[in-house]
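The primary structure of each chain is shown beneath.
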Amino acid sequence: MTKSIVTKSTLLMIILLAFIACDEQKKKRVLNFPKTDLASENLIPKPVKIIPTENGFALDEFTAIYTSQTGAGFEEVGKFLAEKIKSKTNMNIPVNVAEIDHMETVIYINKSDSTDLAQPEAYQLYITQDSIILNSNSAAGAFRGIQTIRQIIPETSNDTLASNPIWTIPTGKIIDAPQFEYRGAMLDVARHFFSVKDVKKFIDMLAYYKYNVLHLHLTDDQGWRIEIKSWPLLTEVGGLTEVGGESGGFYTQEDYKEIVAYAAEHHMIIVPEVDMPGHTNAASVAYPIFNGNGKKPELYEGTRVGQSTFATRKDTLYSFLDDVIGEIAAMSPGPYFHIGGDESLVTKKNDYIYFVEKVEKIVQKHNKRMIGWDEIGQANINSTSISQFWRHTDYAKDAIKKGMKVIMSPANRAYLDMQYDTLSKHGLHWAAYIPTDSAYNWTPEKYKGISKEHILGIEAPLWSETISNIDELEYLAFPRAIGYAELSWTTEENRDWENYKVRLANQAPFLDRMNVKYYASPLIDWKKSKYTYKEIKKD
Ligand code: TNX
């Protein structure tokens, strides 16, 4: 087994070296490229450094992909790239095929141990006329690198002297790595349920912009959306409803595993959230013994918050939660488990603190780091737990005093469910109106005096009180989620609204090809858009 791997990878290496060395053969075609400029490509997020060399690499039917055979996951990254090239250009590019009749250009995805690439998810691209070499230390870094390649393949082929269609890629060098290790979006599947297919499409879009986290808000007053085998009524009863009176829905454990696996193929993790001790009406309808608000729980389809609580002093509650957290943790390979903890308005403060401290232990027992909304900063919890800052600066700072890291999601800047302006078809505006520029134009690295060293990353939450299908989801998420991708990845000195705005305008052909029903903000001069601002105003 080992022997055959070595033989195969040696063979590929020989082919590659022969290819790189053999100049005579390669120059068979005279390609008439206009001068290119890698630096003016519409890359989002903007890379750390781009050094253009003004030539062209020809991606065409004579291109082949080779990958490291020894680095775990590299071949899959190569296959992923081939699949995306196929859907953009309709060409079948071979991956790690040893014998090719007529090969002109090569994309080589290489595992490199260079110290330049020590930072997680770092990658470097060297693009010359006949080869693209993508170096990374890990498959995750290589995966981020191929998103850059995808973004610089033009939407259409160009005319050259060659007889076959050619997609010209500008030559040069790109050096890149993310500024934050946690780059997330959240989807609330509790207020309205979204199918596995919808979630996968959202993952497709997020991965293209180098996100690595999708947080799923799996439970709330209006619905419980994840099957728990040891407590079946959670979904059988608690999954029946959603906001507005439509029937709800839930993920079976198989569905959830399918989402987790799909995320993993995109080098993303799922952060599962069970929101508690408030936001627990659906669970309490299923198992009234855990209800702590003194009222008879009934299924709820409205949008008020802060009415429900678990009975936090009941010991049986914690064996129930041990089962729930245990089952979900076992299906979630990521390091985090989110316990919610927000807006527990009818839980007494002492009871709330008691609850968070007990639940932290359960989360740790299942080998996960606890994340909670910023209110958890009131409890005496461990420095390995994480506070998600959404509203209360003081609580976030309390968490920092305990040595905890913070995820930045301030509602007035980072909430995808806030309306763009007074004309927005969907969304709320309790925290702010967030037009496309104000979503981008802020500095999460030093927001409200929280400094970068305390920040794990950024997350843009999409609450679903006002949206019930994928088109509405996309209207609120895009284009703003593209801006949050850049805030998470690109450092402050490398960001600039005027420059970003042009790159964003040029995402339109991709968004249209993906059939994403984005909001065509009038602040952006969209390159080509099916949806005009006038059309939006008319509905
Ligand atoms: C506040 S943000 C909430 C959610 C709502 C959201 C609507 C947070 C931790 N809690 O329950 O869905 O506002 O914008």
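Keep in mind that what you see is a predicted model, and the values were worked out from it rather than measured. (Residues numbered from 1 in each chain as written. Predicted model: local features only at pLDDT ≥ 70, side-chain atom pairs only at ≥ 80, totals over all residues. Heavy atoms only, no water.)

Student: Break down the sheet that holds strand S12 (residues 336–340) for me, with residues and values.
Tutor: Spatially, the 8 strands close up into a barrel ordered S7-S8-S11-S12-S13-S14-S15-S16, and their pairing is parallel. Taking each pair of neighbouring strands and ignoring which way they run, the sheet shows an average axis angle of 30°. Of the strand pairs in this sheet, strand S7 (residues 182–188) and strand S16 (residues 455–462) are connected by 6 bridges, and their pairing is parallel. If you follow Ala 185 over to S16, its bridge partner there is Ala 460. (Pairing = 2+ DSSP bridges. Helix = DSSP H or I, 4+ residues; strand = E, 2+ residues; numbered from the N terminus. Axes fitted to C-alpha atoms, helices over the stretch in contact; angles between N-to-C directions.)

Student: Help me get a handle on the pairing of S12, residues and values and all.
Tutor: The element S12 is largely enclosed, with a buried count of 5 among its 5 residues. The alternating pattern of S12 places Tyr 336, His 338 and Gly 340 and Phe 337 and Ile 339 on opposite faces, both of which are buried. As paired strands, strand S11 (residues 269–276) and S12 are joined by 2 bridges and run parallel to one another. Within S12, the residue paired with Met 276 across the bridge is Gly 340. In terms of strand pairing, S12 meets strand S13 (residues 369–373) through 3 bridges, oriented parallel. (Buried < 20%, exposed > 50% of the residue type's maximum accessible area, 1.4 Å probe, protein only.)

Student: Can you lay out the domain arrangement of the protein chain for me, pointing to particular residues and giving the numbers?
Tutor: Bring the parts together and some accessible area is lost; that lost area is often taken as the interface size. Looking at the protein chain, the domain boundaries give domain 1 (3–176) and domain 2 (182–495). Summarising the inter-unit geometry, the C-alpha centres of domain 1 and domain 2 are found 38 Å apart. Across the boundary between the two partners, domain 1 contributes 19 residues, which contact 16 residues of domain 2. Between domain 1 and domain 2, the buried area comes to about 1,600 Å², and carbon and sulfur atoms account for 54% of it. When the area that domain 1 buries against domain 2 is broken down by residue, the three leading residues are Pro 45, Lys 46 and Arg 144, summing to 36%. Between the two partners, domain 1 and domain 2, sit 1 salt bridge. In this structure, the connection of domain 1 to domain 2 is made through 10 residue pairs in polar contact (both at pLDDT 80 or more). At the level of secondary structure, the elements contributing two or more residues to the side of domain 1 that touches domain 2 comprise helix H3 (74–89) and helix H4 (139–152). The dominant element in the side of domain 1 that touches domain 2, judged by the number of residues it contributes, is H4, at 8 residues. (Domains from an automatic or database assignment. Contact = heavy atoms within 4.5 Å. Buried area = accessible area lost by both parts, 1.4 Å probe. Salt bridge = Lys/Arg side-chain N within 4 Å of Asp/Glu carboxyl O. Polar contact = N/O pair within 3.5 Å; in protein donor to acceptor, adjacent residues only side chain to side chain.)

Student: Lay out helix H11 (residues 393–401) with the relevant residues and their values.
Tutor: Within the sequence span of H11, burial applies to Thr 393, Ala 396, Ala 399 and Ile 400. Buried positions in H11, seen along its axis, are confined to an arc of 120° and lie on one side of it. Exposed residues lying more than 90 degrees from the buried face of H11 are Asp 394 and Lys 401. Buried residues belonging to H11 abut strand S14 (386–389) and strand S15 (405–408). (Arc of directions from axis to C-beta.)

Student: Any details on the site of the ligand? Residues and values, ideally.
Tutor: Around the ligand, 14 residues are found, and the nearest of them are Arg 191, Tyr 415, Asp 417, Trp 430 and Glu 465. Measuring from a nitrogen atom of the ligand, one finds a side-chain N or O atom of Glu 343 at 3.2 Å. Within the contact set of the ligand, an oxygen atom lies 2.6 Å away from a side-chain nitrogen or oxygen of Glu 465. Contact with the protein chains hides 97% of the accessible area of the ligand, taken as 360 Å² for the molecule alone. Among the residues forming the shell around the ligand, the class breakdown is 8 nonpolar, 1 polar and 5 charged. (Near = heavy atom within 4 Å. Areas by Shrake-Rupley, 256 points an atom, 1.4 Å probe, with all protein chains shown as cover. Nonpolar A, V, L, I, M, F, W, Y, C, P; charged D, E, K, R; others polar.)

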